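# Working through the structure, step by step
In case you want the letters, here they are:
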Amino acid sequence: MIPKRHPKTTRYLGAPKGWNAETDGPCGHLSICDDRGMMLSRWEPTPDELAVLNAGGAVELAVVGHAHPPVSLIVVRCDQ
């Protein structure tokens, strides 16, 4: 997935504290919109990922840790 700039960006998230690019890999900045107590980010599937989705694939959400926080995955138009 490709992180997209949110049209109502309020801030950017960077690498978490203690992140080591040499051992953990690269970590870019993520555009975030703070809205109604949530952090919203936008993502675009790559052409290969879109082909998998169109062939019946699914989006998988990974949450670090052992407790699942409330989350939401929705589809939005890019012009909103």
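So, here is what we can say about the structure in this document.

What counts, and where the lines are drawn
- Residues numbered from 1 in each chain as written.
- Predicted model: local features only at pLDDT ≥ 70, side-chain atom pairs only at ≥ 80, totals over all residues.
- Heavy atoms only, no water.
- Helix = DSSP H or I, 4+ residues; strand = E, 2+ residues; numbered from the N terminus.
- Pairing = 2+ DSSP bridges.
- Axes fitted to C-alpha atoms, helices over the stretch in contact; angles between N-to-C directions.

### Here's the deal with the environment of Leu53
Following the sequence through the fold, Leu53 ends up in helix H2 (residues 47–54). As a C-alpha pair, Leu53 and Glu22 span 31 residues in sequence and 32 Å in three-dimensional space.

### Examining the sheet that holds strand S3 (residues 30–35)
Reading across the sheet, the three strands line up as S2-S3-S4 and stay open at both edges, with antiparallel pairing between neighbours. Where the open sheet ends on each side, the last strands, each with one partner, are strand S2 (11–13) and strand S4 (38–40). Each strand of the sheet is rotated relative to its neighbour by a mean of 45°, with strand direction disregarded. In the sheet, S2 pairs with S3 via three bridges, with the strands oriented antiparallel. The partner of Leu13 across the bridge, within S3, is Leu30.

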